[in-house]
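Descriptive structure summary
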Amino acid sequence: MPAPERIPAGRLSAMEPAARPAAPLPGPADPQDPPPAAPSPAPDPRVVLLAEGELTVRGRVPEASNAVLYCTVAYDGTGGTCVYKPVAGERPLWDFPDGTLAQREVAAYEVSRACGWDLIPPTVLRDGPYGTGMVQEWIEPPESGEAVPELLALVEGEEPGPGWKAVGLAQTGEGGTALLVHADDPRLRRLAVLDAVINNGDRKGGHLLPGADGAFFAIDHGVTFHAEDKLRTLLWGWAGEPLTEEALAVLRDLRTSLEDGGPLAARLAELITDHETEALRARVDRLLESGRHPEPSGEWPAIPWPPV
């Protein structure tokens, strides 16, 4: 079905800064009270800017399948640029509840953050000029093309060269075939694990953005956290291979964070359903039990279309 860009009608309005809670009154501690909890870590100033700042829409990303607005954001003397995806601009999907993609994008960021992997730009859920939506830090491309890491390629032959992992054969524009490969990059391998955890149904090449100093970031995580297997990705090069020790340690910590009462479980309860959280826990358990990268199930298209 066609998916035109839709920007809901409405008037641009400034966000009022959130009210700050009153500081507690000083006084002696009750000796019978339990010891005070350890102070919470200072909030990430990038997240504070996105969550509290005044959004001003500057333009639209026309290639996106949903409404994606390019904005500036300003708060307390600081500023930046960001992407704003209002829920009202989401097109319906047959297999996901309407109006839930923004929450899933934020949930993906929260899981990535819990893993300690800086793979997804800071992302928040907040009100904006066109209603509630996802707001994510804008990733500026590197100034020099030489600094952009090559992550995906089409090559001749049936075997990938050194430093590459094979995904499968792909049709070329001339009616022939070529081998689709991705880089054997440890950061990309972490992303493959993260996608398996969040059940990413749409990991395309265009969702990998180069950043400064050879870094890259992953975006577009609205089609995630389904309770059924929906994993579709271009990162199948490690399928069936043992997980790294780093990944296993991260998954063990993640399982603890997802326990009832855990910090990540509490945060996800605000973003996805209990059934989806249970399925998330089950995926983490399966990865730990197998100790291997997942393989295509055969019950669902393994590669998204179009792949880029």
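Residues numbered from 1 in each chain as written. Predicted model: local features only at pLDDT ≥ 70, side-chain atom pairs only at ≥ 80, totals over all residues. Heavy atoms only, no water.

This part takes up the pairing of strand 4 (residues 123-126). In the sheet, strand 4 pairs with strand 5 (residues 133-137) via four bridges, with the strands oriented antiparallel. Within strand 5, the position partnered with Thr123 by the bridge is Gln136. A loop of six residues connects strand 4 with strand 5, the two strands running antiparallel in sequence, and Gly131 in this loop sits at a positive phi of about 100°. (Pairing = 2+ DSSP bridges. Helix = DSSP H or I, 4+ residues; strand = E, 2+ residues; numbered from the N terminus.)

Read from one edge of the open sheet, three strands run 6-8-7, paired in antiparallel fashion. Strands at the two margins of the open sheet, each flanked by one partner only, are strand 6 (152-155) and strand 7 (164-171). On average, adjacent strands in this sheet sit at an angle of 30° to one another, irrespective of strand direction. (Axes fitted to C-alpha atoms, helices over the stretch in contact; angles between N-to-C directions.)

In this structure, the largest pocket encloses a volume near 1200 Å³. As for the largest pocket, its lining consists of 48 residues, of which Ser65, Asp202, Lys204, His207 and Asp220 are closest to the centre. Where the lining of the largest pocket is concerned, the elements lending two or more residues are strand 3 (78-86), helix 2 (101-115), strand 5 and strand 9 (208-210). A class-by-class count of the residues in the lining of the largest pocket yields 27 nonpolar, eight polar and 13 charged. (1 Å grid on protein atoms, 1.4 Å probe; cavity = no way out; pocket = protein on both sides within 12 Å on 5 of 7 lines; lining within 4 Å. Points joined across faces, edges and corners; volume = space filled by probe spheres on them. Nonpolar A, V, L, I, M, F, W, Y, C, P; charged D, E, K, R; others polar.)

Now for helix 4 (residues 245-257). With 13 residues, helix 4 extends 19 Å between its outermost C-alpha atoms, agreeing within 8% with the 18 Å of an ideal straight helix rising 1.5 Å per residue. Turning to helix 4, its buried residues are Ala247, Leu248, Val250, Leu251 and Leu254. Within helix 4, the buried residues cover an arc of 160° as seen down the axis, which keeps them to one side. Across helix 4 from its buried face, at more than 90 degrees, point the exposed residues Glu245 and Asp253. Contacts made by the buried residues of helix 4 are with helix 2, helix 3 (186-198), helix 5 (263-268) and helix 6 (274-290). (Expected span 1.5 Å × (residues − 1). Buried < 20%, exposed > 50% of the residue type's maximum accessible area, 1.4 Å probe, protein only. Arc of directions from axis to C-beta. Contact = heavy atoms within 4.5 Å.)

Worth remembering: the numbers are spatial, not functional.
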